[in-house]
Amino acid sequence: MILDAGSCRIRPMPETDSRHYGRPPDYQTLVAEFADRVYRQALRMLGLRQDAEDATQEVFLKVFNGLPRFRGESDIGTWIFRITFNVCVTLRQRKKIQSVSLDDTDRLGSLDPPDPSSGPDEILAEGERLERLALLVARLPEREAAAITLFYSGQKSYEEISRILGIPPGSVATALHNGRRRLRAMLKEDRP
Amino acid sequence: MTCEEFEELVQRSLDGSISRSDHARMDAHTQICPQCMELKRSLAALDHDLWNLPQPEIPMSLMKALEQIPASAPALGGSLSWKPELLRASLLAVGGLCLALFFDQLQTEWRALGQLVLGTGGFFLFSLSVLHPIFLPAASGSRGPR
């Protein structure tokens with residue numbers, strides 16, 4: 001567990017893949033270890049399960065074909081998640097998934113955190129609210145969707161996200177902040 | 001503190017990267033700015049929801065399809081798995097030809113420079129086809145169905 005000094009928030013220790021440094025990885029081991037996470041990252045970035053399944057298959061085909069040239073000089077997880085990001089970007093462009101603009105972010109949204117004493121109806125409503133939020137993440141611009149997904153669902157640090165997306169850590173922070181700002185505006189519009 | 005600075009600090013606090021003194025400055029600002037208090041509340045709620053997004057399981061049919069990729073990949077047009085073998089065969093053929101010419105030149109007493117070039121080239125190509133990392137068992141051993 002990690003304790004953040006500023007916010008006093010306890011987070012689970014992020015999963016690292018450093019044990020893959022310096023030795024050739026095995027394809028079936030990689031499937032067992034990464035398929036879940038690749039599928040979730042693709043689902044967050046694409047929104048639809050069928051698209052996420054297609055993306056996951058394409059990612060692992062690229063992983064399989066690229067393994068003979070993988071020298072173990074970098075983190076295998078970084079390599080796989082970078083392939084995932086690139087495959088999702090290509091699929092989004094092919095399917096012309098529309099992202100939203102940032103022109104509505106001055107409006108104040110109102111998101112109520114769930115009441116701990118909620119009953120079944122409230123829990124169901126919360127589940128629907130989270131499903132809707134997951135779909136909205138897929139409507140973010142690709143870099144913001146990827147940063148949000150890797151930070152929250154993947155529990156990656158700024159530095160790890162920076163290596164995966166191939167951008168400086170400062171740009172990771174900007175992508176996260178813009179993503180949250182945009183989601184807040186979208187939720188405001190999306191509310192019945 | 002301006003409202004823009006406040007939003008930047010709220011965002012950084014959600015990333016877990018602000019100091020206790022910044023927290024104190026934010027608290028002081030929210031005492032005098034209700035809009036920023038609302039901003040902080042709504043971003044915190046969004047942050048909570050993002051941490052709690054559903055984590056769907058990968059379908060079993062997809063897992064099986066991924067595990068079958070090594071068996072089906074050679075049939076796919078985009079596969080690169082045949083290339084090392086083809087390259088190795090080409091290198092062996094060219095290297096063998098160079099060495100044959102080298103020995104032929106020894107017999108016909110051609111010039112020493114030609115012998116040196118062909119002999120060195122043949123040796124280099126043979127060595128490359130045997131020692132290059134893409135041909136080593138450790139690199140290719142991870143491929144193929146189990």
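Residues numbered from 1 in each chain as written. Chains lettered and ligands numbered in written order. Predicted model: local features only at pLDDT ≥ 70, side-chain atom pairs only at ≥ 80, totals over all residues. Heavy atoms only, no water.

### Quick look at the overall build of chain A
Next up, step 1: Each helix and strand counted, chain A has seven helices and two strands in total.
Next up, step 2: Start at the N end of chain A and walk to the C end: the helices and strands fall as β-β-α-α-α-α-α-α-α.
Next up, step 3: Out of the 192 residues belonging to chain A, those deemed buried represent 52%.
Next up, step 4: Sequence separation of at least 24 residues holds for 68% of the intrachain contacts in chain A that already meet a minimum separation of 6.
Next up, step 5: A total accessible area of about 9,100 Å² is found for chain A, and carbon and sulfur atoms account for 51% of it. (Helix = DSSP H or I, 4+ residues; strand = E, 2+ residues; numbered from the N terminus. Buried < 20%, exposed > 50% of the residue type's maximum accessible area, 1.4 Å probe, protein only. Contact = heavy atoms within 4.5 Å. Areas by Shrake-Rupley, 256 points an atom, 1.4 Å probe, with all protein chains shown as cover.)

### Some thoughts on the overall build of chain B
Next up, step 1: Tallying secondary structure elements over chain B gives eight helices and zero strands in all.
Next up, step 2: Counting helices and strands in the order they occur from the N terminus, chain B gives α-α-α-α-α-α-α-α.
Next up, step 3: Looking at the 146 residues of chain B, the share that counts as buried comes to 34%.
Next up, step 4: Excluding contacts between residues fewer than 6 apart, the proportion of contacts in chain B whose partners are at least 24 apart in sequence is 55%.
Next up, step 5: Surface accessibility of chain B: about 8,700 Å² in total, with carbon and sulfur atoms responsible for 66%.

### Examining the nonpolar core
Next up, step 1: Grouped together as the largest cluster of nonpolar side chains are 71 residues, with contacts concentrated most on F60 and L183 of chain A together with L50 and L66 of chain B.
Next up, step 2: Considering every element that reaches this core, the biggest residue donor is helix α1 (residues 27–46) of chain A, with eleven residues.
Next up, step 3: Excluding its chain neighbours within four sequence positions, the residues that come into contact with L66 of chain B are Y27, V31, A35, T56, Q57 and F60 of chain A together with I58 of chain B. (Core = buried A, V, L, I, M, F, W, Y, C linked by side-chain atoms within 4.5 Å.)

### Things to note about the packing of aromatic side chains
Next up, step 1: The final tally for this structure, using the stated rule, is seven aromatic pairs over all chains.
Next up, step 2: Seen from their ring centres, F151 of chain A and Y152 of chain A are 5.0 Å apart, and the 85 degrees between their planes marks the pair as edge-to-face.
Next up, step 3: Relative accessible area serves as the criterion here: at 3%, F151 of chain A is assigned to the buried category.
Next up, step 4: Consider the rings of Y152 of chain A and W51 of chain B, whose centres lie 4.9 Å apart with planes at 70 degrees: the pair is edge-to-face. Remark: W51 of chain B occurs in helix α3 (residues 34–51) and Y152 of chain A occurs in helix α5 (residues 142–153); the pair is interchain, linking two chains.
Next up, step 5: Of the residues examined, Y152 of chain A reaches a relative accessible area of 3% and is grouped as buried.
Next up, step 6: Linked through ring pairs, Y27, F60 and F64 of chain A together constitute an aromatic cluster. (Phe/Tyr/Trp six-rings, centres within 6.5 Å; stacked < 30°, edge-to-face > 60°.)

### Overview of the environment of I80 of chain A
All names here are of chain A.
Next up, step 1: Checked against the element boundaries, I80 lands in helix α3 (residues 76–95).
Next up, step 2: Of the residues examined, I80 reaches a relative accessible area of 0% and is grouped as buried.
Next up, step 3: Sequence spacing of I80 and A35 is 45 residues, and the spatial spacing of their C-alpha atoms is 9.9 Å.
Next up, step 4: If we skip the residues at most four places from it in the chain, I80 touches L30, F34, V38, V59 and V63.

### Topic: the pattern of salt bridges
Opposite charge on two side chains makes pairing possible when the charged atoms of those side chains draw close.
Next up, step 1: The full count for this structure, using the stated rule, is ten salt bridges over all chains.
Next up, step 2: Close ionic contact of R181 of chain A with E7 of chain B constitutes a salt bridge, the shortest N to O distance being 2.8 Å. Here R181 of chain A is found in helix α7 (residues 169–190), whereas its partner E7 of chain B is found in helix α1 (residues 3–15) on a different chain.
Next up, step 3: A residue is classified by how much of its surface remains accessible, and E7 of chain B, at 19% relative accessible area, is buried.
Next up, step 4: Each of D36 and R40 of chain A together with E57 of chain B takes part in a single network of salt bridges with overlapping partners. (Salt bridge = Lys/Arg side-chain N within 4 Å of Asp/Glu carboxyl O.)

### Here's the deal with the side chain of R129 of chain A
Next up, step 1: As for its placement among the helices and strands, R129 of chain A is situated in helix α4 (residues 120–137).
Next up, step 2: Side chain to side chain, R129 of chain A and D49 of chain B meet in a polar contact 2.3 Å long. (Polar contact = N/O pair within 3.5 Å; in protein donor to acceptor, adjacent residues only side chain to side chain.)

### A few points about helix α6 (residues 158–165) of chain A
Next up, step 1: Counted residue by residue, α6 of chain A has six buried out of eight residues, so it is predominantly covered.
Next up, step 2: Phi turns positive one or two residues past the end of α6 of chain A, at G166 of chain A, with a value near 70 degrees.

### With respect to the confidence of the model for chain B
Residues and elements named next belong to chain B.
Next up, step 1: Overall, the predicted model of chain B reaches an average pLDDT of 76, with 73% of residues at or above 70.
Next up, step 2: Here helix α8 (residues 137–140) stands out as the element of chain B with the lowest mean pLDDT, 40, in contrast to helix α4 (residues 60–67), whose mean of 93 is the highest.
Next up, step 3: Low pLDDT, under 50, characterises residues 75–81; the stretch is placed with nine contacts to residues that sit more than four places away or in other chains.
Next up, step 4: Under a pLDDT of 50 for its full length, residues 137–146 has, in the predicted model, 17 contacts with residues more than four places off or in other chains.
Next up, step 5: The complex model carries a pTM of 0.65, and its ipTM stands at 0.75. (pLDDT = per-residue confidence, 0-100.)

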